[in-house]
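As a plain string of letters, each chain reads:
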Amino acid sequence: MPDLPANVSDPASTTVSDSDQSHRYKRLFKRFVLLTLVCSVVPLLLVGWVISHRYQRSAETRIMTAFRNEVQHHRKVIQLFLKEHRAKLELIAQTHDRQDLVQPGRLRTVFDLFNQEHWNVTDLGVIDGEGRHLAYVGPYDLLDKNYRTTHWFGQVMEKGIFISDMFMGFRREPHFIIAVKGNDAAGPWILRATVDTEAFRALVENVMIGRTGEVFLVNPQGVYQTTSRYSGRIMENAAIKVGDIHPGIQVRQEAADAGFNGERTVRQIVATAWLETPQWMLVVRQDYDEAFATENRANYSVLIFLLISAVTILGATVLVTRHMLNLVKRRDAKAETLNRQLMQASKMASIGELSVGVAHEINNPLAIISTEREILLDACQRVDHLDSAFGAQLDDSLNQIDVQIQRCKRITHNLLRFSRRTQSVIDTVDINAFISEIVDLMEREAKSSGITFFERLSPEVPPILSDISQLQQVFLNLITNAIDAHEGKQYGSVAISTTYLEADETVEIVVSDTGSGMSGEVLSKVFDPFFTTKPTGRGTGLGLSICYSIIKGLGGRIQVKSVVDQGTDFIIRLPVRSSDAKTATRDHVIPVEQAA
Amino acid sequence: MIGSKILLVDDEVIFTRNMETLLDARGYRSTAVNSGAEAIRALQNEDFDVVVLDLKMPGMDGLTTLKEIKKLGLFTQTLILTGHGSIDSALEAIKLGAYDYLTKPCQISELVEKIEGAWETKDELRKKDIEEKIQRVVESPRDAKHLFVRTT
């Protein structure tokens, strides 16, 4: 017998193989999951990142532009305020002379007109070329003050107009002035207005840019010209770095200086713009996170969506991969089974072929031995005087030779039957014609046994798809058994009937005999391999077992009913279409019945 | 029937020789040949009542030989005696017109029984044929002259 493959015959090898297989499936699982993730999650994240990045950039540009516009607008407002006041003062200085303005009540009228719509100017004063106050309207007592030595006085006298930085002056509180120079017959004179600090601060500071935004002015020396919301008060030195004077508006992101916002010191957006006159730097700042709050929320949403998508894909991947792997495992197992069956079938076919050869080769010499025995028997009969003891021994020996020849014949015939069982060819079988042929054949065998054969074949039986060779084996077996069951009886009958069961799409064939029947005990083992009631040497106990496996293999079922001393019925049902029935009856238990 | 002529066809020389001895001892007149071709030649040259034919032989096998025998249109009956024991080939042989079949090894008594059955069949066929011919002679004497050219 050829060696079986290691994974079939050797349990230890099988265990190792299973372990390898398990590792292989694990590797396959990891590879599937990884591949699916690379092919799905990575592009998803990439696309998500690109979209998010593009959106962020676009949002940044939009927000920065809005910030820039805000600052530009605010600078314009402040400059307009200063220009308006300067223009008013210039107008007064050009349309009035000092004599006119120093007349009692005249400056008050101008002052009232100045503040008619908004309270923007704290006081108004007329100063001569020597720095003396000629007239003054305001809350302070400054008429006796001389400004000849002050910085602003010199600047006005030199340039004709001057807007000061914030300074404390005689009144000891932060303020700034706008002063213009006038000329009359008596020489130059100055009209000076002090801008109301609170009004100016309100104009500058009260621009609400979110919860964390602040607006303030610093001079080139870095001194606050208005109060910062978070960083410092007016006239204090500012923490912000004042760079060179630049045209236009600069917007940048930078780390927030300590104390900005009072809460967070992470990042801030800073926009700076310089006023023309005076040269103050307008600063607008806002916490970066607040400015980008909407965009950040959108980003978080995208991130969460991506995360959920990735987790879902991961979960689905694991589930699908597991399912696929189970399919692969089942398919592998099926392939393995088929492979083993194929190998087994191939092995059996080889044994079958070998059996046919061996059986034939043995039958021929057996036939010669048999003829030699017959010749010896003939020769003995021709001898007149034979020693009685020798004659008896010769008879015994010749009989024993015959017994052993018959034994060998049964063995070779079983081998031939086995070989036929290994080859299965499904084809259309006309059951009635088939039964007639078998009966015809067996009638010749049983001619001398006193057994009559009856056929009751239904014309409605359709052709079926089956293996005629295997069916021959089954019915030859059953009919041989039916004939053998009459041993000891002089007469008997074997009846074979066919019926078409349309509802089940099956053909029922019943082989009935009038033989000795079987007891319940025998009946329960009748399909067991190696179970036989025949004397030793006459039956192998494989016939009905082979019948059972053949009928089962052909998708049919076999039942047996028997009554002791009355006879036995073998009932076989075969599907009209073999493949359908195979599936349907795979798990059926084939019952063995004993009639009461 | 004592004196029946038997043609034994088998590639086993010893087997055919032994069968010859046994059948001759029982009153038959047997001739042994060891191939299908020899069997056909023998049948063309000589009349036999029964042919005992093996199925598995080198050259022309038993079934082919049987077909050729049938082509000769003789009353001779063919009995299959084979060591191959294949039911398919036995059924095929019966379909092709073999009288019966036996598997090797068999007892001489079984073979004799089958030979007797075959001889009876052949004899019945022959008698029936003769009766038919006589009937035709009676009905149409002119046309029936050629019918008696050869009888077996």
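Since we're looking at a predicted model, the values are computed, not measured.

1. Observations concerning the overall build of chain B
Within chain B, the secondary structure is distributed over five helices and five strands. Tracing chain B from N to C terminus, the helices and strands come up as β-α-β-α-β-α-β-α-β-α. Out of the 152 residues belonging to chain B, those deemed buried represent 40%. Taking as baseline every contact in chain B between residues at least 6 positions apart, the subset at least 24 positions apart corresponds to 59%.

2. Considerations on the overall build of chain A
Helix and strand counts for chain A stand at 14 helices and 16 strands. Split into buried and exposed, the 596 residues of chain A put 28% on the buried side. Taking the contacts inside chain A whose residues are at least 6 apart along the sequence as the reference set, 62% of them involve residues at least 24 apart.

3. Some details on the packing of helix α2 (residues 36–45) of chain B against helix α3 (residues 62–71) of chain B
Residue and element names in this part refer to chain B. α3 packs onto α2 with a crossing angle of 15 degrees between their chain directions and a minimal axis gap of 9 Å. Considered as vectors, α2 and α3 are oriented roughly parallel to each other. α3 is crossed by α2, and the crossing has right-handed handedness. Contact residues: G36, A39, I40 and L43 in α2; T64, T65, E68 and I69 in α3. A breakdown of the residues in the contact of α2 with α3 according to their chemical character gives four nonpolar, three polar and one charged.

4. A closer look at unusual backbone geometry
With an omega of -5 degrees, the peptide bond running from T277 of chain A to P278 of chain A counts as cis. Along the chain, K104 of chain B connects to P105 of chain B via a cis peptide bond; the corresponding omega equals -10 degrees. Considering the arrangement of structural elements, one finds P105 of chain B in the loop between β5 (100–103) and α5 (108–139). Its identity as a non-glycine residue notwithstanding, R172 of chain A has a phi of 60 degrees, on the positive side. Relative to the helices and strands, R172 of chain A is located in the loop between β3 (161–163) and β4 (176–184). In this model, M235 of chain A sits at a positive phi of 80 degrees, which is unusual for a non-glycine residue. Locating M235 of chain A in the fold gives a position in the loop between β6 (214–218) and β7 (249–255).

5. Remarks on the sheet that holds strand β1 (residues 5–9) of chain B
Residues and elements named next belong to chain B. Across the sheet, which stays open at both edges, the five strands sit in the order β2-β1-β3-β4-β5 with parallel pairing between neighbours. Looking at which strands have only one partner, the edges of the open sheet turn out to be β2 (29–33) and β5. Each neighbouring strand pair of the sheet contributes to a mean axis angle of 20 degrees, computed without reference to strand direction. Here β1 pairs with β2 via five bridges, running parallel. Pairing of I6 across the sheet is with S30, part of β2. Sheet strands touched by helix α1 (residues 13–25): β1 and β2. Its angle to β2, the strand with the most contacts, is close to 175 degrees. Across the sheet, α5 is in contact with β1, β3 (50–53), β4 (77–82) and β5; its angle to β4 comes to roughly 160 degrees.

6. Overview of the interface of chain B and chain A
Facing 22 residues of chain B, the contacting portion of chain A comprises 24 residues. Every element with two or more residues in the side of chain B that touches chain A is listed here: α1 and α4 (87–95) of chain B. The greatest single-element share of the side of chain B that touches chain A, amounting to seven residues, is contributed by α1 of chain B.

7. Some thoughts on the environment of D184 of chain A
Residue and element names in this part refer to chain A. You can see D184 is positioned in strand β4. Its 13 C-beta neighbours within 10 Å are what place D184 among the partly exposed residues. For the pair formed by D184 and D97, sequence separation is 87 residues and the distance between their alpha carbons is 6.3 Å. In this view, D184 contacts D97, R98 and W189; residues no more than four positions away in its chain are not counted.

8. A look at the packing of helix α11 (residues 468–484) of chain A against helix α13 (residues 543–553) of chain A
Pairs of packed helices are described in terms of their axes, by the angle between the two and the distance that separates them. Residue and element names in this part refer to chain A. Running from N to C, α11 and α13 point in directions that differ by 145 degrees, and their axes come no closer than 9 Å. Seen from above, α11 lies across α13 with left-handed handedness. Taking contact as the criterion, the partners of Q470, Q473, V474, N477, L478 and N481 in α11 are, on α13, G543, L544, I546, C547, I550 and I551. Residue classes in the contact of α11 with α13 are distributed as seven nonpolar, five polar and no charged.

9. Quick look at the pairing of strand β8 (residues 267–274) of chain A
Residue and element names in this part refer to chain A. Here β8 lies mainly inside the structure; seven of its eight residues are buried. The pairing of β7 with β8 spans seven bridges and is classified as antiparallel. Each residue of the ladder has a partner; that of A255, found in β8, is R267.

10. What to know about the confidence of the model for chain B
Should pLDDT be low for a region, the predicted coordinates there are not to be read in detail. On average, residues of chain B score 87 in pLDDT, and 90% of them reach the 70 mark or higher. Here the complex is predicted with pTM 0.46, and the ipTM for its interfaces comes to 0.83.

11. Things to note about the confidence of the model for chain A
All names here are of chain A. The pLDDT averaged across chain A works out to 82; a share of 87% of its residues lies at or above 70. Confidence drops under a pLDDT of 50 for residues 1–16, and excluding neighbours within four residues, the segment shows seven contacts in the predicted structure. Here residues 579–596 is a poorly scored stretch, pLDDT under 50, and it has 29 contacts once near neighbours within four places are set aside; other chains count.

12. Describing the nonpolar core
Within soluble globular proteins, side chains that are nonpolar generally end up buried alongside one another. Formed by 56 residues in total, the largest nonpolar core has its most connected members in A179, V218, L282 and V283 of chain A. Tallying contributions element by element places helix α2 (residues 11–95) of chain A first for this core, with six residues. Ranked by size, the runner-up nonpolar core spans 37 residues in total, among them M19, Y28, F48 and A93 of chain B.

13. Overview of the sheet that holds β8 of chain A
Residue and element names in this part refer to chain A. Spatial ordering of the open sheet is given by β6-β9-β8-β7, a layout of four strands whose pairing is antiparallel. Looking at strand neighbours, the two that pair on one side only are β6 and β7, the edges of this open sheet. Taken pair by pair, the neighbouring strands of this sheet meet at an average axis angle of 25 degrees, ignoring direction. The pairing of β6 with strand β9 (residues 281–287) spans five bridges and is antiparallel. Considered in β9, the bridge of V215 is made with V284.

14. Quick word on helix α6 (residues 197–205) of chain A
Residues and elements named next belong to chain A. Along α6, the residues classified as buried are F200, L203 and V204. One face of α6 carries all of its buried residues, which in axial projection span an arc of 95 degrees. Exposed side chains of α6 directed beyond 90 degrees from the buried face belong to E198 and A202.

15. Describing α3 of chain B
Residues and elements named next belong to chain B. The set of residues buried in α3 consists of G62, T65, L66 and I69. Viewed end-on, α3 has its buried residues packed into an arc of 105 degrees, placing them on one side of the element. Directly beyond the C-terminal end of α3, a positive phi value near 65 degrees is found at G73.

About the criteria used
Residues numbered from 1 in each chain as written. Chains lettered and ligands numbered in written order. Predicted model: local features only at pLDDT ≥ 70, side-chain atom pairs only at ≥ 80, totals over all residues. Helix = DSSP H or I, 4+ residues; strand = E, 2+ residues; numbered from the N terminus. Buried ≥ 20, exposed ≤ 12 C-beta atoms within 10 Å, placed from the backbone. Contact = placed C-beta atoms within 7 Å. Axes fitted to C-alpha atoms, helices over the stretch in contact; angles between N-to-C directions. Parallel < 35°, antiparallel > 145°, perpendicular 65-115°, else oblique. Left-handed = near helix turned anticlockwise from the far one by under 90°. Nonpolar A, V, L, I, M, F, W, Y, C, P; charged D, E, K, R; others polar. Pairing = 2+ DSSP bridges. pLDDT = per-residue confidence, 0-100. Core = buried A, V, L, I, M, F, W, Y, C linked by C-beta atoms within 7 Å. Arc of directions from axis to C-beta.

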